[in-house]
Each structure stands twice: as structure tokens, then as C-alpha cells.
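Coordinate analysis (summary)
Residue-level listing of the chains:
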Amino acid sequence: QVRLVESGGGLVQAGGSLRVSCAASGRTFTYYAVGWFRQAPGKEREFVSVISWKGDITYYSDSVKGRFTISRDNAKNTVYLQMDTLKPEDTAVYYCARLLLRDWSLPLKYEADYWGQGTQVTVSS
């Protein structure tokens, strides 16, 4: 079993920054890709970003590209999402997930086998 716990969410003004973290325990995710997703009220959960297990491959959704940065520290079993220049439309619950990918060709095809409980990010205008 893998337990993922997100933290670092909160309330921030538009233009500000937050860093959310995803810490793994149990069997961890050292050799797995990890993704960040978000779900705003009344909307479907959407992909935000993904990072390979070595940290050498990253992808972002168009809506966050250039503003968000994903990274990981495998020694700490933690994946981070640095969010800069936040906008009110970034308001959502942010989830991390361990991902199973066949390859890294686009569009990415993945399955998530473990999810965290989510952390709320609210951006005020």
C-alpha cells in the first residue's frame, strides 16, 4: 500500500505563490511517475502536471505552463508543485497521484493507482 498526503494549500491573493507537497509513505513511489491534478467546484478533475521518477521528464497542462513547476525529492519521498503567478481560476482542490505510464509519448496515457486526499488552494482576486 502507498499513502499519499498533500499539504501546503491555503489562501493566496492573485499573483501570489504557493508550494504544495505530496509525501508518500508505505511502498512509496520512487520508481513511479507522479502527477498533480485539480478539481474546481462543479468541474471535472483535470490534469495539471506530471514528473518522471528520475525527475528528468515533466509535462504541464497549457493552463499552468510557465507558471507552475513540478519537482521531486526521492530521498524524501516527496513531490512538489511550485505555483507562481496564481490566478483565481487556479482555485481548486489539488491532488497528487502515483501514475502508471506505458511511455512518454504525447498524448500521455496513464492510470493512477493511488491518490492523496487533496489540499485546497484558493486564489482571491
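Residues numbered from 1 in each chain as written. Predicted model: local features only at pLDDT ≥ 70, side-chain atom pairs only at ≥ 80, totals over all residues. Heavy atoms only, no water.

Description of the sheet that holds strand β3 (residues 18–26)
- Read across the open sheet, the four strands follow the order β1-β3-β8-β7; overall the sheet is antiparallel. Of all the strands in the sheet, the pair left with one neighbour each is β1 (2–7) and β7 (68–73). Across this sheet, the average inter-strand angle for adjacent strands is 15°, counted without regard to direction. (Pairing = 2+ DSSP bridges. Helix = DSSP H or I, 4+ residues; strand = E, 2+ residues; numbered from the N terminus. Axes fitted to C-alpha atoms, helices over the stretch in contact; angles between N-to-C directions.)

Considerations on the side chain of R72
- Tracing the chain through its elements places R72 in strand β7.
- This buried residue, R72, is left without a salt bridge; D56 holds the nearest opposite charge, at 8.3 Å.
- Excluding residues within four positions of it along the chain, R72 makes contact with F29, T30, Y32, A33, V34, I51, S52, W53, G55, T78, V79 and Y80. (Buried < 20%, exposed > 50% of the residue type's maximum accessible area, 1.4 Å probe, protein only. Lys, Arg positive; Asp, Glu negative; His and termini not counted. Salt bridge = Lys/Arg side-chain N within 4 Å of Asp/Glu carboxyl O. Contact = heavy atoms within 4.5 Å.)

Comments concerning the state of the cysteines
- Here the structure, examined in full by the defined rule, presents one disulfide.
- A sulfur-sulfur separation of 2.0 Å characterises the disulfide bridge that pairs C22 with C96. The chirality of the disulfide connecting C22 with C96 is right-handed, given an S-S dihedral of about 70°. With C22 in strand β3 and C96 in strand β9 (residues 92–101), this residue pair connects regions lying 74 residues apart in the sequence. Here C22 matches C96 in class, with each residue buried. (Disulfide = S-S within 2.5 Å.)

Description of unusual backbone geometry
- The residue after L106, namely P107, is reached through a cis peptide bond having omega -5°.
- Note on placement: P107 falls in the loop between β9 and β10 (110–115).
- At N77, a position not held by glycine, the phi torsion is positive, near 55°.
- Structurally, N77 can be placed in the loop between β7 and β8 (78–83).
- Backbone geometry at T85 places phi at a positive 50°, although glycine is not the residue there.
- Here T85 is to be found in the loop between β8 and β9.

A look at the environment of G10
- Note on placement: G10 falls in strand β2 (residues 10–13).
- In this structure G10 touches L18, Q120, V121 and T122, once residues within four positions along its chain are discounted.

Notes on the pattern of salt bridges
- Under the criterion given, the structure shown has five salt bridges.
- The partner of D113 in a salt bridge is R98, with the nearest N and O atoms 2.6 Å apart. Highlighted residues: D113 in strand β10 and R98 in strand β9, separated in sequence by 15 residues.
- The class for R98 is buried, based on a relative accessible area of 8%.
- One network of salt bridges, in which partners are shared, links R38, E46, R67 and D90.

Observations regarding the pairing of β7
- Where burial is concerned, the two faces of β7 differ: the one with F68, I70 and R72 is buried and the one with T69, S71 and D73 is not.
- Sheet topology note: the β7/β8 ladder contains six bridges and is antiparallel. Counted as the bridge partner of S71 is Y80 from β8.

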